[in-house]
Amino acid sequence: MKPKFSPSINVLRDEGEDFGYIPTANADRIAKEILQSERTGTHAFQVIGSYGTGKSAFLLALTNTLLGKAQHFGSKAGKKLPAVVNLVGEYGSLMAHLADQFEVKRDKKDFRQILDAIHQRYEKHGRLFLIIDEFGKFLEYAAKHDPEREMFFFQQLAEFVNKPDRNITLVVALHQSMEAYAHGFSVTQRMEWRKVQGRLRELTFNEPTAQLIRLAAEQLSKQKQAAPK
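Residues numbered from 1 in each chain as written. Predicted model: local features only at pLDDT ≥ 70, side-chain atom pairs only at ≥ 80, totals over all residues. Heavy atoms only, no water.

Let us look at the overall build of the protein. Regarding its fold elements, the protein presents eight helices and five strands. Counting contacts in the protein only where the partners sit at least 6 residues apart, residues at least 24 apart contribute 74% of the total. A total accessible area of about 12,300 Å² is found for the protein, and carbon and sulfur atoms account for 51% of it. (Helix = DSSP H or I, 4+ residues; strand = E, 2+ residues; numbered from the N terminus. Contact = heavy atoms within 4.5 Å. Areas by Shrake-Rupley, 256 points an atom, 1.4 Å probe, with all protein chains shown as cover.)

Have a look at this one:
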């Protein structure tokens, strides 16, 4: 761990930075599941953990590993680097955000054209990771503004990346389950929301206190500092 560090990690601002990341056993397990996704039938994941558990730091460490800027999780980048698209959620439309990110013309923000643009980026590199931190902000917006349209698009996105012959992996980070954002929904809307949630494999990120104490002890041991009585 570096002697000076920021307690706040941003996957866009801090990409490529050495921020002294120390993977936990839980983070290592989750990373391996994501990194092996091209050999499994599930390419879409939701990483769920409460505030302050290190989800953003984990996503940044995963990004740096994929891009060959660091080696974490017992893995290193291959000869051909994948495309990694990092996004940070905001209170707005996921469709609009992805259309801007993948340069889809504003008068053509149809979900099929957005998926086509993602596919073109994937074909150019042969492997694509789409990583979205703070995904709950998109869900909060969707719940209050045309939830059927927004969630239909997200269902299409999840099904698109889960197609076995595409090496595209989607990873979103949330503070709570997707179902928790469905306040005031009708029974039918809740069923559709759950259907979308089922398209993503849930990975729990909460770290037990004992694990954090062990990390602190390991770091003190490496630095050969005497712990106070």
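Our focus in this paragraph is the pairing of strand 3 (residues 128-133). A large share of strand 3 lies buried, amounting to six of its six residues. Across six bridges, the pairing between strand 2 (residues 83-88) and strand 3 is parallel. In the strand pairing of strand 3, Val85 is matched with Leu130. Relative to strand 4 (residues 168-174), strand 3 runs parallel, the two being bridged by five bridges. Directly across from Leu130, in strand 4, lies its bridge partner Leu170. (Buried < 20%, exposed > 50% of the residue type's maximum accessible area, 1.4 Å probe, protein only. Pairing = 2+ DSSP bridges.)

The next thing to look at is the side chain of Gln155. The topology assignment puts Gln155 in helix 6 (residues 147-161). Taking relative accessible area as the criterion, Gln155 reaches 10% and is therefore assigned buried. Filtering out sequence-adjacent residues up to four positions away, Gln155 remains in contact with Glu192, Lys195, Val196 and Arg199.

Here the focus is empty space enclosed by the protein. Evaluation of the coordinates by the stated rule reveals two cavities of 30 Å³ or more. Taken as a whole, the largest cavity holds about 40 Å³ of empty space. Considering the residues around the largest cavity, the lining is formed by Leu94, Phe135, Phe138, Leu139, Ala142, Glu150, Met151 and Phe154. The set of elements that each furnish at least two residues to the lining of the largest cavity consists of helix 5 (136-144) and helix 6. Its residues placed into classes, the lining of the largest cavity shows seven nonpolar, no polar and one charged. By volume, the second largest cavity is sized at about 30 Å³. (1 Å grid on protein atoms, 1.4 Å probe; cavity = no way out; pocket = protein on both sides within 12 Å on 5 of 7 lines; lining within 4 Å. Points joined across faces, edges and corners; volume = space filled by probe spheres on them. Nonpolar A, V, L, I, M, F, W, Y, C, P; charged D, E, K, R; others polar.)

Our focus in this paragraph is the nonpolar core. Judged by nonpolar contacts, the single largest core of 43 residues is most densely connected at Leu98, Ile132, Phe135, Phe154, Leu170 and Trp193. Apart from the residues lying within four places of it in its own chain, the contact partners of Ile132 are Leu87, Leu94, Phe138, Leu170, Val171, Val172 and Ala173. Core analysis: the next-biggest nonpolar cluster, separate from the first, contains 27 residues, Ile9, Ala27, Val84 and Val171 among them. (Core = buried A, V, L, I, M, F, W, Y, C linked by side-chain atoms within 4.5 Å.)

Considering all chains together, one arrives at seven aromatic pairs under this definition. When the centroid spacing of 5.3 Å and the interplanar angle of 50° are considered together, the rings of Phe58 and Phe205 count as tilted. Residue Phe58 is located in helix 2 (residues 55-66), and its partner Phe205 is located in the loop between strand 5 (201-204) and helix 8 (209-223); the two are separated by 147 residues in the primary sequence. Ring geometry for Phe111 against Phe152: centres 5.4 Å apart, planes inclined by 90°, an arrangement best described as edge-to-face. Separated by 41 residues along the polypeptide, Phe111 in helix 4 (residues 111-125) and Phe152 in helix 6 bring together distant segments of the chain. The class of Phe111 is buried, set by a relative accessible area of 16%. (Phe/Tyr/Trp six-rings, centres within 6.5 Å; stacked < 30°, edge-to-face > 60°.)

Spatial relationships are all this shows, so hold off on functional conclusions.
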